[in-house]
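The lines below spell out each chain.
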Amino acid sequence: MLRSLPRALRIPSGAKRAATAIGASFVATALLILIAGKNPIAAFSAMFYGAFGSMDRIAFACNKSTPYILCGTGIALCFRARIINIGGEGQIALGGLGAAWVAFVWPQHSAFMAVGTALLAGMAAGALWSGLAAAIHLWRNVHEVLATLLLNFIALLLVGEALHGALGEPGAGFPQSSMLDNAYWLPVLATGSQLHLGIVIAVVVAVAAHIYLWNTTGGFALRVLGASRSAAIYAGFSVSALTMKLMLVAGAMAGLAGAVEVLGVHYRLIEGFSQGFGFNAVVVALLGALNPLSVIPAGLFFGFLEAGALAMQRQVGVPSSLVSVIQGLTMLFVLAALASTAQRKAA
Amino acid sequence: MRASPLLEMRGIVKHYGAVRANDGIDLDVSAGQIVGLLGENGSGKSTLMKVLFGMVAPDAGSIVFRGKELSGHLPREAIAAGIDMVHQHFMLVEAMTVAENIMIGWEKAGRWLRTAEIAEMIRETSAGYGLDLDPRAPVGMLSFGQRQRVEILKAILRGAELLVLDEPTSNLSPPEINGLITVMRRLRAEGKGIVFISHKLAEVTAVCDEAVVLRDGRVVGRAPIAQTTRADLARLMVGRDVVAPIVRTDCAASDPLLSVENLSVDGPDGQHLVSDVSFSVCGGEVLAIAGVDGNGQLELVEAIAGIRRPAGGTLRIRTTDVSRAGVAARIAHGLSFIPPDRSRTSLVSEMSIAENLALRDVRQPPYSRGVFLSPRGLQAAADRLIEGYAIRAPGGRTPVHQLSGGNQQKIVVAREMDRGPKVLVAFQAAWGLDPGATRFVLEQVLALRGAGAAVLYISTELEELLSIGDRIGVMFRGRLAGIMRREEVDLERLGLMMAGTSDDSATLAA
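Residues numbered from 1 in each chain as written. Chains lettered and ligands numbered in written order. Predicted model: local features only at pLDDT ≥ 70, side-chain atom pairs only at ≥ 80, totals over all residues.

Engineer: Would you mind going over the interface of chain A and chain B with me for this structure?
Structural biologist: Accessible area lost on assembly of the parts is the figure often given for the size of an interface. Counting residues at the interface gives 14 residues for chain A and 20 residues for chain B. At the level of elements, helix H9 (217-227) and helix H10 (229-234) of chain A are the ones that each hand at least two residues to the side of chain A that touches chain B. Considering every element that reaches the side of chain A that touches chain B, the biggest residue donor is H9 of chain A, with 5 residues. The residue makeup of the side of chain A that touches chain B, split by class, is 7 nonpolar, 7 polar and no charged. (Contact = placed C-beta atoms within 7 Å. Helix = DSSP H or I, 4+ residues; strand = E, 2+ residues; numbered from the N terminus. Nonpolar A, V, L, I, M, F, W, Y, C, P; charged D, E, K, R; others polar.)

This is the structure we're talking about:
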């Protein structure tokens, strides 16, 4: 798969393809629910209600989508340049760690400074992690898939180490940090709602990435590199500088996602808070056809799906892990659609 | 003389737009006969073979093979009928063994692979033809010549009665060429027919029974080898069009624009790909370098263009030392480069014409302002260059892969010329182009020379080099064998130098 993946990325088009993939995965999931002896229509309607049933539900789902959009945008940029960065998981974890760490080590009292320093620290930590992977890739010639993947495990252990040590809440009995000071909480968009600033940051980042990709000379170089490495060298673009730059940017976006999660949802660092985000973000990027603007709806889809899943589990008794099945199947169907288009093109 | 005609192609016509790639070609091959198909690039050889294999449908004409008419056929059906082809680019899987490669897509290999049995069959057959192949060797470990033998063996085992060899010697060393010729003679003795596509006259006269010469899509000569000479064939092949450029400037008169001193390039395993090459080119001069593919030409031009890091040596543009400069800095110093590979290097086929025209200058106006691309600048430049270089395309937004090879190369030429370079380095710039497009490229290069630029023009096509070069050099095994003035060129000696057998190459080295 690692070998065929980059080639499959060549044809970025198609809301149609995304819709087909999603539709097919729902049909397959319905069959699974039937086999489990439940009513798929009831399950799906519970899911729909759970996702869209009230303003609170919608806010909850938007918050869930935020890290997907942030991390997925960075991954989309990397994949488009044929840099297969699957280190989102670790970069998110480190982003959360960075944000919490700076909050405890260098406490700020004005909300602006507090949120600002914590978000920047999260971005820096994520970029550090992806930069490390890029450095290993560029200077030691290790494939970027391996470098980014393996660093994920180390990142998770680092977060665990911090929570069992310096950052851990005394006497909590659970690996988590103390509650952050109020000043660090991400402002909510409407009083009384859970919806925090994160979704706005995510949309701004995705739009900025879109402008970068299509309207700047740097984005031009990225697209050339993705289409043909030898053309990029011929054009005078430095492949290693570009790789490093994109990895740093993607890492910063993933780190931002982790920081937003800590400051906006949990108000503290919790072990395992980043579970699965990084890999789902890869699916989001592919579902969005590696187009930063399309990553927004793709991320929202995943967020709403997860929000709905919890409700489905409560009301119908269908396990919410089925949502992971839907996500996995969506990914498979998207990849299958990409691969078949690539084949048709080659023939 | 030979009774049974194996293949009869009659009146084959194929047009690509206005270009008549094949214009009423007849081709006959008998069993036990080797026919040399001669012609320059773009003379219609490959189109004719594509028609034979059913890869393109002819506009007119008929093909009869072993008494049966072939029309509207697929390549698969041509192979089943007993026609096979060894392409210049091999169709082998490097990670698999010789036996596995031969079994791929071969019905006789069976559904349940009888590897040992097939390996034995390969060993026997290859020994019988003097091919000498180990069925268990991974193809990736084989030399170029050995891979070619795998392809030939594949064709023999599949029962080919007619074998087309497409420029089979262009990447072979002299001993490998002799081996190939031996194999061809054995095949002839077995009663197989062979079409030998080449533009190397010595090989054609050595092995063929008959020569058919194509030019501009027509048969311009057809003769039994015994009744013709190399000189006759050369004249037929090149036709009236080889005109030596008019005025030759004397390089000593002005300072060199491009000078290369002791340039060496090493391969990943420390082998010397380019050894100690020195030369200089003056403004208004074309230095043409000949050589069989793979003798270090690619590495030389890539080192000059800044794409490949040399092991040593100095490169100057006028008096500026650019040995340490990157690609972009060399472009800024006035160095333009036309690389051989259009599909992946000099063009990005999925991007638009406008974007490809901006490829190497995108950080300059009019293509961008600060960090932002200027869509208007891109479009205006595209409109101007499409018009100026007669690129046949609907507009600047058209993706490059929709264009013909000739129009694609016009984009590259337009981009590299429009910069107003001091120095142009071109490698196989007319490769795979039809005669019209080839002429266009050569004319553009000569126009640039007329404007006072220095041109380094590297090709494997001798006639092309002779028609454009003020001085001619030859590369062999990474060394520049000797540079002579166009007037002093002796074709025979040039050929020998390309084969590395010239005993006076040492004295020629300037």
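Engineer: It is not clear to me how the sheet that holds strand S2 (residues 19-30) of chain B should be interpreted in this structure. Could you clarify?
Structural biologist: Two orientations exist for strands paired in a sheet by backbone hydrogen bonds: parallel and antiparallel. Residues and elements named next belong to chain B. A sheet is described by the order of its strands in space; here 4 strands give the open sequence S2-S1-S4-S5, paired in antiparallel fashion. With one partner strand each, in any of the chains shown, S2 and strand S5 (68-70) form the two edges of the open sheet. Direction aside, the axes of adjacent strands within the sheet are offset by 20 degrees on average. Of the strands in this sheet, strand S1 (5-16), S2 and strand S4 (60-65) touch helix H1 (residues 45-52), which is tilted by about 65 degrees from S2. (Pairing = 2+ DSSP bridges. Axes fitted to C-alpha atoms, helices over the stretch in contact; angles between N-to-C directions.)

Engineer: Explanation requested: the pairing of strand S6 (residues 83-86) of chain B in the structure shown.
Structural biologist: Regular strands place side chains that alternate from one sheet face to the opposite one. Residues and elements named next belong to chain B. The alternating pattern of S6 places Ile83 and Met85 on one face and Asp84 and Val86 on the opposite face, and all of these are buried. With 4 bridges connecting them, S6 and strand S7 (residues 162-166) associate as parallel partners. Its bridge partner being in S7, Ile83 is matched across the sheet by Leu162. (Buried ≥ 20, exposed ≤ 12 C-beta atoms within 10 Å, placed from the backbone.)

Engineer: Help me understand the domain arrangement of chain B, please; the structure alone is not making it clear to me.
Structural biologist: Here the domain parsing of chain B yields domain 1 (5-241) and domain 2 (251-508). Spacing between the C-alpha centres of domain 1 of chain B and domain 2 of chain B amounts to 32 Å. (Domains from an automatic or database assignment.)

Engineer: Which parts of the structure should I look at to understand unusual backbone geometry?
Structural biologist: Most of the time, phi is negative for any residue but glycine, and the peptide bond is trans. Omega for the bond connecting Pro365 of chain B with Pro366 of chain B falls within 30 degrees of zero, at 5 degrees, which places this linkage in the cis form. With respect to the element layout, Pro366 of chain B can be found in the loop between helix H12 (353-357) and strand S17 (368-369). Its identity as a non-glycine residue notwithstanding, Asn141 of chain A has a phi of 65 degrees, on the positive side. Within the fold, Asn141 of chain A resides in the loop between helix H6 (111-140) and helix H7 (144-164). A residue is classified by how many C-beta atoms lie within 10 Å of it, and Asn141 of chain A, with 7 of them, is exposed. Here Ala289 of chain A, not a glycine, exhibits a phi torsion of approximately 50 degrees, which is positive. When you line up the elements, Ala289 of chain A lands in the loop between helix H12 (277-287) and helix H13 (292-316). Given 22 C-beta atoms within 10 Å, Ala289 of chain A falls into the buried group.

Engineer: Is there a simple way to think about the nonpolar core in this case?
Structural biologist: The tendency in soluble globular proteins is for nonpolar side chains to be buried as a group. One finds Ala118 and Val224 of chain A together with Val425 and Val455 of chain B to be the most contacted residues of the largest nonpolar core, which totals 206 residues. Excluding residues within four positions of it along the chain, Ala118 of chain A makes contact with Ala99, Val102, Ala103, Tyr184, Ala259 and Leu263 of chain A. In terms of nonpolar packing, the next biggest core, distinct from the first, is built from 64 residues, Val150, Leu153, Val213 and Leu236 of chain B among them. (Core = buried A, V, L, I, M, F, W, Y, C linked by C-beta atoms within 7 Å.)

Engineer: Looking at this structure, I do not really get the sheet that holds strand S14 (residues 312-317) of chain B. What am I missing?
Structural biologist: Residues and elements named next belong to chain B. Strand order in this open sheet of 4 strands is S12-S11-S14-S15, and the pairing throughout is antiparallel. In the strand order of this sheet, the two ends are held by strand S12 (272-282) and strand S15 (320-321), each with one partner. For strand S11 (residues 256-266) and S14, the ladder comprises 5 bridges, and the chain directions are antiparallel. Bridge pairing links Leu258 to Ile317 in S14.

Engineer: Quick question: what am I supposed to make of the pairing of S12 of chain B here?
Structural biologist: All names here are of chain B. Here 7 bridges tie S11 to S12, and the two strands are oriented antiparallel to one another. From the neighbouring strand, Val265 faces S12, where its bridge partner is Val274. Where S11 hands over to S12, the hairpin turn is made up of 5 residues, of which Gly270 adopts a positive phi near 85 degrees.

Engineer: What is the right way to look at helix H14 (residues 405-418) of chain B in this model?
Structural biologist: Since there are 3.6 residues in each turn of an α-helix, residues three or four apart along the chain are aligned in direction. Residue and element names in this part refer to chain B. Given a rise of 1.5 Å per residue, 14 residues ought to cover 20 Å, and the 20 Å separating the end C-alpha atoms of H14 matches this to within 8%. The buried fraction of H14 is high, at 12 of 14 residues. Those residues of H14 lying buried are Gly406, Asn407, Gln408, Gln409, Lys410, Ile411, Val412, Val413, Ala414, Arg415, Glu416 and Met417. Immediately downstream of H14, the backbone of Gly420 shows phi near 70 degrees, a positive value. (Expected span 1.5 Å × (residues − 1).)

Engineer: Explanation requested: helix H9 (residues 297-305) of chain B in the structure shown.
Structural biologist: All names here are of chain B. Of all 9 residues making up H9, 9 are buried, and the element is well covered by its neighbours. Among all positions of H9, only Gln297, Leu298, Glu299, Leu300, Val301, Glu302, Ala303, Ile304 and Ala305 are buried. Backbone geometry just downstream of H9 places Gly306 in the positive-phi region, at approximately 90 degrees.

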